[in-house]
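Each chain is listed here by its residues.
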Amino acid sequence: AAAGHDAGHPGRNNLFLVNTRDALAVRYGDRAVLEQFHLAGTLELAEAFGVVPAAPGPEAARFRGVVAGVILGTDMAQHAAGVKKLEGLRLRSGR
């Protein structure tokens, strides 16, 4: 996931792609455009090189879910919510 989180990056941010109605923004419905693009490419390569478990099932689904969570988690539009969640966990732990 770390190797693919910016693979093929076009050098523009999500807001620019959405505002200019770029083909990627249209394809991914204006939501986490680059992250979805990077995720799709990463999973395609992982499957092509046999990184994903060959048989469909729980292992393959778990792999895809972990990779998706990590890559989609890099969407800066979600950053503030993630920081707030971590802060809440920290406060509940008493630290």
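Further up the page is the structure itself.
A quick note: this is a predicted structure, and the numbers were derived from the prediction, not measured. (Residues numbered from 1 in each chain as written. Predicted model: local features only at pLDDT ≥ 70, side-chain atom pairs only at ≥ 80, totals over all residues. Heavy atoms only, no water.)

Asker: How would you sum up the nonpolar core? Please name residues and give values.
Answerer: One finds Leu17, Leu24, Ala25, Tyr28, Val33 and Leu34 forming the largest nonpolar core, which totals six residues. Counting only elements with at least two residues in this core, the list comes to helix H2 (23–27) and helix H3 (33–48). In contact with Ala25, other than residues within four places in its own chain, are Leu17, Val18, Asp30 and Val33. (Core = buried A, V, L, I, M, F, W, Y, C linked by side-chain atoms within 4.5 Å. Buried < 20%, exposed > 50% of the residue type's maximum accessible area, 1.4 Å probe, protein only. Helix = DSSP H or I, 4+ residues; strand = E, 2+ residues; numbered from the N terminus. Contact = heavy atoms within 4.5 Å.)

Asker: Which residues make up the packing of aromatic side chains, and what are the values?
Answerer: This structure, assessed with the given rule, holds zero aromatic pairs. If you follow Arg12 out to its NZ or CZ, it ends over the ring of Phe16, 4.9 Å from the centre. (Phe/Tyr/Trp six-rings, centres within 6.5 Å; stacked < 30°, edge-to-face > 60°. Lys NZ or Arg CZ within 6 Å of the ring centre and 35° of its normal.)

Asker: Summarise a nonpolar patch on the surface; cite the residues concerned and give the values.
Answerer: Taken together, the side chains of Leu45, Phe49 and Val51 present a nonpolar region at the surface, about 350 Å² in accessible area. Relative to the elements of secondary structure, Phe49 occurs in the loop between H3 and helix H4 (58–72). (Patch = residues over 30% accessible without salt bridge, like charges linked within 9 Å, V, L, I, M, F, W, Y side chains within 5 Å. Areas by Shrake-Rupley, 256 points an atom, 1.4 Å probe, with all protein chains shown as cover. Salt bridge = Lys/Arg side-chain N within 4 Å of Asp/Glu carboxyl O.)

Asker: An account of H3 is needed here, citing residue identities and associated values.
Answerer: The end-to-end C-alpha distance of H3, which contains 16 residues, comes to 23 Å, matching closely the 22 Å that a straight helix rising 1.5 Å per residue would cover. Among all positions in H3, only Val33, Leu34, Glu35, His38, Leu39, Thr42, Leu43 and Ala46 are buried. Residues of H3 that are buried in the fold lie against helix H1 (14–19), H2 and H4. Just past H3, the residue Gly50 takes up positive phi, approximately 75°. (Expected span 1.5 Å × (residues − 1).)

Asker: With reference to specific residues and values, describe the pattern of salt bridges.
Answerer: All told, the structure shown has three salt bridges when counted by the stated rule. A salt bridge links Asp30 to Arg21, with the nearest nitrogen and oxygen atoms 3.0 Å apart. Look at Arg21 and you get partly exposed, because its relative accessible area is 47%. Of the charged contacts, one joins Arg64 and Glu47 as a salt bridge, the two residues approaching to 2.5 Å between their closest N and O atoms. On the criterion of sequence distance, the pair formed by Arg64 in helix H4 and Glu47 in helix H3 is long-range, its members being 17 residues apart.

Asker: Mind laying out unusual backbone geometry, listing which residues take part and the relevant values?
Answerer: Not every positive phi belongs to a glycine, and Arg21 is a case in point at roughly 55°. In this structure, Arg21 sits in the loop between H1 and H2. With a phi angle near 65°, Asp30 is a residue other than glycine that sits in the positive phi range. Within the secondary structure, Asp30 sits in the loop between H2 and H3. A relative accessible area of 34% means that Asp30 is categorised as partly exposed.

Asker: Hey, could you go over the packing of H3 against H4 for me, with residue numbers and the actual values?
Answerer: The geometry of H3 relative to H4 is characterised by a closest axis approach of 9 Å and an angle of 145° between their N-to-C directions. As H3 packs across H4, the resulting crossing turns out to be right-handed. The residues of H4 that touch H3, namely those facing Glu35, Gln36, His38, Leu39, Thr42, Leu43, Ala46 and Glu47, are Phe63, Arg64, Val67, Ala68, Ile71 and Leu72. Residue classes in the contact of H3 with H4 are distributed as eight nonpolar, three polar and three charged. (Axes fitted to C-alpha atoms, helices over the stretch in contact; angles between N-to-C directions. Left-handed = near helix turned anticlockwise from the far one by under 90°. Nonpolar A, V, L, I, M, F, W, Y, C, P; charged D, E, K, R; others polar.)

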